[in-house]
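# Per-entry structural report
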Amino acid sequence: MKTDRTKNTSKKHTLDSKLVLHKTSKGEIEKGIITLKSGNGMYIEDVDGNKYLDMESGITRPVCLGYANEYVAKAVYNQIMELSYATPCGRSNLPAMELSERLSKVAPKNINHFTYESSGSEAVESAMKLARLYHSAQGNKHRYKVISRMGAYHGVGGMGLRALGLMTPMRHSFEPLTPGAIFVNSPYCYRCPFGRRYPDCNLECAKEVETRLLFEDPDLFSAFIGEAIQQGFGSYAPPREYWDEVRAICKKYEILHIDDEVICGIGRTGKMFAAEHYDMEPDLMTMAKCISSGYVPLAAVGISDKVYDVVDNFMHLHTYGNHPVACAAGIATLDVLEKENLIEKSNAMGKYLKETLADALDKRPSVGEIRGTGLWVSIDFTTNQETRAEFPMSNLNSIITQALKLGYMIKAMPNVIELAPAYIISKENIDDFVKAFTQCIIDEEKRMGLAK
Ligand SMILES: Cc1ncc(COP(=O)(O)O)c(C=O)c1O
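Per chain, the residues get numbers from 1 upward, laid out in the order the sequence is written. Where local features are concerned, this predicted model is filtered to residues with pLDDT of at least 70; where side-chain atom pairs are given and counted, the filter is 80 or more; whole-chain, interface and lining totals use all residues. The basis for every side-chain value is the complete set of non-hydrogen atoms in the structure, without hydrogens or water.

### Topic: the site of the ligand
Note the cut-off: Proximity is defined per residue: if any heavy atom of the residue lies within 4 Å of a molecule or strand, that residue is considered near it. For this analysis, a polar contact is any N or O atom pair within 3.5 Å, provided that within protein one partner can donate a hydrogen and the other can accept it, and provided that sequence-adjacent residues contribute only side-chain to side-chain pairs. Reported accessibility uses the Shrake-Rupley method at a 1.4 Å probe radius. Residues are deemed covered only where the shown protein chains occlude them.
Ser-119, Gly-120, Ser-121, Tyr-153, His-154, Gly-155, Glu-227, Asp-260, Val-262, Ile-263 and Lys-289 make up every residue found near the ligand. At 2.7 Å from a nitrogen atom of the ligand is found a side-chain nitrogen or oxygen belonging to Asp-260. Here an oxygen atom of the ligand sits 3.0 Å away from a polar atom, N or O, in the side chain of Lys-289. Protein coverage of the free-state accessible area of the ligand, which is 390 Å², stands at 83%.

### What about the pattern of salt bridges?
Threshold: We define a salt bridge as a contact between a side-chain nitrogen of Lys or Arg and a carboxyl oxygen of Asp or Glu at a distance within 4 Å.
The final tally for this structure, using the stated rule, is 20 salt bridges. Ionic contacts of the salt-bridge type, sharing partners, join the residues Arg-191, Glu-369, Arg-371 and Asp-380 into one network.

### Section: the pairing of strand 3 (residues 51-54)
Residues in a regular strand point their side chains to alternate faces of the sheet. Cut-off, in case you're wondering: Paired strands are those between which DSSP finds at least two bridges. In this description a helix means any DSSP run of H or I spanning at least four residues, a strand means any run of E spanning at least two, and both kinds are numbered starting from the N terminus.
Here 3 bridges tie strand 2 (residues 43-46) to strand 3, and the two strands are oriented antiparallel to one another. By the bridge assignment, Ile-44 is partnered in strand 3 with Tyr-52. Count of turn residues in the strand 2/strand 3 antiparallel hairpin: 4 residues, of which Gly-49 carries a positive phi of about 85 degrees. The pairing of strand 3 with strand 13 (residues 408-409) spans 2 bridges and is classified as parallel. Looking at strand 13, one finds that Asp-54 is bridged to Met-409.

### Focus on the packing of aromatic side chains
Counted only if it meets this: Here a Phe, Tyr or Trp ring, Trp counted by its six-membered ring, pairs with any other such ring whose centre lies within 6.5 Å, and the pair is stacked when the planes are under 30 degrees apart, edge-to-face when over 60, and tilted otherwise. Remark: exposure states derive from per-residue accessible area (1.4 Å probe, protein chains only) relative to the maximum for the residue type, with buried under 20%, exposed over 50%, and partly exposed in between. Comment: the charge-over-ring label is applied if NZ (Lys) or CZ (Arg) is within 6 Å of the ring centre and within 35 degrees of the ring normal.
One pass over the full model with this rule turns up 7 aromatic pairs. Ring plane angle 75 degrees and centroid distance 5.9 Å describe the contact between Tyr-188 and Tyr-236, whose orientation is recorded as edge-to-face. In this pair, Tyr-188 sits in the loop between strand 6 (181-184) and helix 8 (204-216) while Tyr-236 sits in the loop between strand 7 (221-226) and helix 9 (240-252), placing the two residues 48 residues apart along the sequence. Residue class for Tyr-188 comes out buried when judged on its relative accessible area of 6%. The class for Tyr-236 is buried, based on a relative accessible area of 8%. When the ring of Phe-381 is compared with that of Phe-391, the centres are 5.3 Å apart and the planes differ by 40 degrees; the resulting orientation is tilted. Taken together, the positions of Phe-381 in strand 12 (residues 377-381) and Phe-391 in the loop between strand 12 and helix 13 (393-405) put the pair 10 residues apart, joining distant regions of the chain. With a relative accessible area of 4%, Phe-391 lands in the buried category. Between Lys-51 and the ring centre of Tyr-43, over which it is positioned, the NZ or CZ distance is 4.7 Å.

### As for the layout of surface pockets
Filter applied, for reference: Both site types are read off a 1 Å grid over the protein atoms alone. A 1.4 Å probe that fits but cannot get out defines a cavity, while an open set with protein on both sides within 12 Å along at least five of seven lines defines a pocket; lining residues have an atom within 4 Å of a point. Grid points are joined across faces, edges and corners, and a volume is the space filled by probe spheres set on the points. All residues other than Ala, Val, Leu, Ile, Met, Phe, Trp, Tyr, Cys, Pro, Asp, Glu, Lys and Arg, Gly among them, are scored as polar; the first ten of these are nonpolar and the last four charged.
Its volume calculated, the second largest pocket comes out at about 720 Å³. Residue lining of the second largest pocket: 27 residues in total, with Pro-88, Phe-114, Thr-115, Phe-314 and Asn-322 positioned closest to the centre. Looking at the lining of the second largest pocket, the elements with two or more residues in it are helix 4 (94-106) and strand 4 (111-117). For the lining of the second largest pocket, the element with the highest residue contribution is strand 4, accounting for 5 residues. Classifying every residue of the lining of the second largest pocket by side-chain character gives 13 nonpolar, 11 polar and 3 charged.

### Points about the side chain of His-257
Convention followed: Any two residues having at least one pair of non-hydrogen atoms within 4.5 Å are treated as being in contact.
The residue His-257 is located in strand 8 (residues 256-261) in this model. On the accessibility criterion, His-257 (2% relative accessible area) is buried. The contact partners of His-257, leaving out residues within four places of it in the chain, are Phe-224, Trp-243, Arg-247, Met-280, Pro-282, Asp-283 and Leu-284.

### Some words on the domain arrangement of the protein
Put simply, the rule reads: Where each domain begins and ends follows an automated or database-derived domain assignment.
Here the domain parsing of the protein yields domain 1 (11-63 + 341-448) and domain 2 (70-339). Taking the mean C-alpha position of each, domain 1 and domain 2 sit 26 Å from one another. Across the boundary between the two partners, domain 1 contributes 34 residues, which contact 34 residues of domain 2. For the pair domain 1 and domain 2, the interface holds 1 salt bridge. Here Asp-380 ties to Arg-191 by a salt bridge, and the two come within 2.7 Å at their closest N and O atoms.

### Considering the nonpolar core
What counts here: We define a nonpolar core as any set of buried Ala, Val, Leu, Ile, Met, Phe, Trp, Tyr and Cys residues linked to one another through side-chain atoms lying within 4.5 Å.
Leu-357, Phe-381, Ile-417 and Phe-437 are the most contacted members of the largest nonpolar core, which has 92 residues in total. Sorting elements by how many residues they give to this core places helix 11 (residues 324-339) first, with 9 residues. Counting only domains with at least three residues in this core, you end up with domain 1 (11-63 + 341-448) and domain 2 (70-339). Dropping the residues within four chain positions of it, Ile-417 is found in contact with Val-377, Ser-378, Ile-379, Phe-381, Leu-396, Ile-399, Ile-400, Ile-410, Lys-411, Ala-412 and Phe-437. Core analysis: the next-biggest nonpolar cluster, separate from the first, contains 22 residues, Ala-127, Ile-225, Ile-258 and Val-301 among them.

### With respect to the packing of helix 8 against helix 9
Note the threshold: Every axis corresponds to a line fitted to the C-alpha atoms, with the helix fit spanning only the stretch in contact, and the corresponding angles, defined between N-to-C directions, vary from 0 to 180 degrees. When an angle is under 35 degrees it counts as roughly parallel; over 145 it counts as roughly antiparallel; between 65 and 115 it counts as roughly perpendicular; any other value is oblique. Crossing handedness follows the turn of the near helix against the far one: under a right angle anticlockwise gives a left-handed crossing, and clockwise gives a right-handed one.
Packing of helix 8 against helix 9 brings their axes to within 8 Å, and their N-to-C directions diverge by 15 degrees. Here helix 8 lies roughly parallel to helix 9, going by the angle between them. For the pair helix 8 and helix 9, the crossing hand works out as right-handed. Contacts between helix 8 and helix 9 involve Cys-205, Ala-206, Lys-207, Val-209, Glu-210 and Leu-213 on the former and, on the latter, Tyr-242, Glu-245, Val-246, Ile-249 and Lys-252. Tallied by class, the residues present in the contact of helix 8 with helix 9 amount to 7 nonpolar, no polar and 4 charged.

### Observations concerning the packing of helix 13 against helix 14 (residues 427-448)
Each packed pair of helices is defined by two parameters, the angle between the axes and the distance between the axes. Between helix 13 and helix 14, the least distance of the axes is 9 Å, while the angle of their chain directions is 140 degrees. As the angle between them shows, helix 13 and helix 14 are arranged oblique. The element helix 13 and its partner helix 14 pack so that their crossing is right-handed. Two secondary-structure elements touch here, helix 13 through Asn-395, Ser-398, Ile-399, Gln-402 and Ala-403 and helix 14 through Phe-437, Cys-440, Ile-441, Glu-444, Arg-447 and Met-448. Residues belonging to the contact of helix 13 with helix 14 are distributed by class as follows: 6 nonpolar, 3 polar and 2 charged.

Structural data, given as structure tokens:
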């Protein structure tokens, strides 16, 4: 180890922190944040030469192919030399068309049209606007509301932010927001918001959707937005009946279903889209992150035939929409996923990760639940196994810091440590990580007095 990995003190870093407005507090920057320099496969290196095994695909989870995939790099280079830019306004381009053809083959069968953006937030904006246009085109201009869930994250755009039910300070800092977002509870059985235990819960969380709609007037709603498998409480996959029930309610009141697959899409959950786990055919579907393995900014909205057929002119133009280079990166990413059979492999690695964690952590007093689908696994912590009491964030952060010192990048959010490594991860990587991680947890339990 070259320096303390948690305190990056190189000269380059000091310059950088003054010049860049980092997306973190000034206090964090004062303490010293890591400046990343290079990446290869599963590993990243900082400017001081410290190496880290990236267990979170870049923390925000896009780097599904690992770093520096040459095939994607070449595809991007080639596209820049062929056609580096094409306006999305009244012109088409070949990579956008080809990517759409490729996606339509792997998306739910009703999703056959795509529009491209640069971030998941923009994809959410587009999806919400398309939902409104769908209703307006049929004379229902008044359907301005959306229904979202507490615990949801749908990005930082005007429409997405109003539907954001997680990290509420993010909302509160920018009030007033675009009006019309209504929230229900999320399905989170480990700490059920209704104090119930599945399956004897009458699916209260799904039923609440109808109660809320009736209270608010269902005729005012354009869409329900939700992640098929939700990040907010740690890669939470609801029981199948949850989505059956929610989708039936949406259908009853002619409310469109937007499936936000910004994280859970493109193989993260062991299938191309998480919707497949539930046999869902949403009306609109957002995707981003793994769509280009995070190499260049790319996001997409998958549009069902039902919506496409009635929307005449999607007046939502921005310079980088349908960008040919970004779309070329998307095509190349799909090529690698398919040629190397990476989604199937990642599914097997996800199972191995869960099993290895369970073997190592099942008896730990602070580990409440280990769950996950595909290579998206979460460890839900508690200070009391019986009551499932919440686990202090400061102790989770301490585990993260210890792991970082040992060379492992992971991420914490309330109660949960989430793992979402690249699909190329090996069993050796997993074994190394779980061994170090277990020790970090044991050390923290001792500091907390939960273990001797
Ligand atoms: C489900 C979901 N939707 C939307 C977004 C916003 O995507 P982006 O950060 O690319 O704007 C995110 C980001 O994490 C997300 O998890």
